[in-house]
Amino acid sequence: MNIEPLTPHLGAQIDGFDLSDLSGGRADQLEEMFYTHRVLVFRNQELDRDAHKAVGRVFGELHVHPSKKAFGIKGDPEIFKVRAEADTVKVNGGRWHMDVSCDENPPTGSILRLLELPPYGGDTVFCDMSRAFETLSGPMQRMLTELDARHDGQRDLRWYGLTPDPGQTYPSWVHPVVTAHPVSGRPVLFVNEGFTEDIVDMSYDESRAILAMLFDHVARNPGLQCRATWEPGTVVMWDNRAVQHFAVHDYAPHPRLGERVSVVGKGSPIAWGRDRSTA
Ligand code: SIN
């Protein structure tokens, strides 16, 4: 097996590791690589749906996306389809986000494989949210550790131009703005443009200004990011409590079709740095 870092701080391409065989300590090896590099790009994989789900179960129980619950989409509930057609304007994940951060217990991670690739483009870009926090000034870091923000699934729906059916609900939850990563304990800047609606206990203008600055910090700093390219047989997985991602839609009118499996988080995010003795 060969592990080739994608950048000095985030992501690795893994060659020579067969995801369809997780026997004999290989699941532990996979978990260790996942939490070390936080974005893993595997080449030359041959996974069917069951094998795809088995990879997800290494990390925990499989997640069912709220859109399945809200809209009663039929089919395999643990498979979330990402699909862009020739005329799709807003593709799944086409702005910076963490998957379903509006859940009380957002997913630990996601695993994506593409079934149909465009001839070029369609990369997925990731942002290291620990580094995003660590590259802010000390005064800004100290202020953010005191704050909580509301993440709302309706914000995500609105972006796609969707509304839930009458009587159906979509999650909304308040999380700390700076969380402790559940495995490493590292601080993570836990706000994202896809789901974070406002900062609680602040005026609309204050909240809007701070969130806009933080969303810009993610989007305008390539030094925080790494980029996964796709080939037939590529599988990409990411630590959803540590990174945000963005699906680049630069390949229209070609279609792109994928299936994602996500894993239920191991608990609600906890605040980092509020106890001054550990900050
Ligand atoms: C997503 O999970 O947000 C989609 C990522 C992608 O299609 O590259």
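Residues numbered from 1 in each chain as written. Predicted model: local features only at pLDDT ≥ 70, side-chain atom pairs only at ≥ 80, totals over all residues. Heavy atoms only, no water.

Let's talk about the sheet that holds strand S7 (residues 148-152)
- Taken together, the 3 strands give an open sheet; going across it, the order is S8-S7-S11, and neighbouring strands pair in antiparallel fashion. Looking along the sheet, the strands with just one partner apiece sit at the ends: strand S8 (172-176) and strand S11 (196-199). Taken pair by pair, the neighbouring strands of this sheet meet at an average axis angle of 30°, ignoring direction.
- Relative to S11, S7 runs antiparallel, the two sharing 3 bridges. Among the inter-strand pairings, His 151 is bridged to a residue of S11, identified as Thr 196. (Pairing = 2+ DSSP bridges. Helix = DSSP H or I, 4+ residues; strand = E, 2+ residues; numbered from the N terminus. Axes fitted to C-alpha atoms, helices over the stretch in contact; angles between N-to-C directions.)

Considering the site of the ligand
- Lining the immediate environment of the ligand, one finds Val 82, Asn 92, Gly 93, His 97, Asp 99, Leu 112, Thr 124, Trp 238, His 245, Ala 247, Arg 256 and Arg 260.
- A distance of 2.9 Å separates an oxygen atom of the ligand from a polar atom in the side chain of His 97.
- Here an oxygen atom of the ligand sits 2.7 Å away from a polar atom, N or O, in the side chain of Arg 256.
- Coverage of the ligand by the protein amounts to 99% of the 260 Å² it exposes when considered alone.
- When contributions to the shell around the ligand are tallied by element, the ones reaching two or more residues are strand S14 (243-247) and strand S15 (256-263).
- Here the residues of the shell around the ligand sort into 4 nonpolar, 5 polar and 3 charged. (Near = heavy atom within 4 Å. Polar contact = N/O pair within 3.5 Å; in protein donor to acceptor, adjacent residues only side chain to side chain. Areas by Shrake-Rupley, 256 points an atom, 1.4 Å probe, with all protein chains shown as cover. Nonpolar A, V, L, I, M, F, W, Y, C, P; charged D, E, K, R; others polar.)

Let's talk about helix H7 (residues 204-219)
- With 16 residues, H7 ought to run about 22 Å at 1.5 Å a step, and its terminal C-alpha atoms sit 22 Å apart, in line with that.
- When we look at burial in H7, the residues that qualify are Ser 207, Ile 210, Leu 211, Leu 214, Phe 215, His 217 and Val 218. Summarising the axial view, the buried residues of H7 lie within an arc of 150°, below the 170-degree limit, and thus occupy one face. (Expected span 1.5 Å × (residues − 1). Buried < 20%, exposed > 50% of the residue type's maximum accessible area, 1.4 Å probe, protein only. Arc of directions from axis to C-beta.)

Side note on the pairing of strand S4 (residues 80-84)
- Every second residue of S4 is oriented toward a common face, the buried set being Phe 80, Val 82 and Ala 84 and the non-buried set Lys 81 and Arg 83.
- Of the pairings in the sheet, the one linking S4 to S15 comprises 5 bridges and is antiparallel in character. Along S15, the bridge assignment pairs Ala 84 with Arg 256.

Some points on the nonpolar core
- Ranked by size, the top nonpolar core spans 25 residues in total, and within it Met 129, Leu 144, Val 177, Leu 189, Val 191 and Leu 214 carry the most contacts.
- Looking at this core, the elements with two or more residues in it are strand S6 (124-128), helix H4 (129-134), strand S10 (187-189) and H7.
- The greatest single-element share of this core, amounting to 5 residues, is contributed by H7.
- Excluding residues that lie within four positions of it along the chain, Leu 144 makes contacts with Leu 136, Val 177, Val 178, Leu 189, Ile 210 and Leu 214.
- Grouped together as the second largest cluster of nonpolar side chains are 21 residues, Phe 17, Leu 30, Tyr 35 and Val 263 included. (Core = buried A, V, L, I, M, F, W, Y, C linked by side-chain atoms within 4.5 Å. Contact = heavy atoms within 4.5 Å.)

Read these as geometric descriptors, not functional statements.
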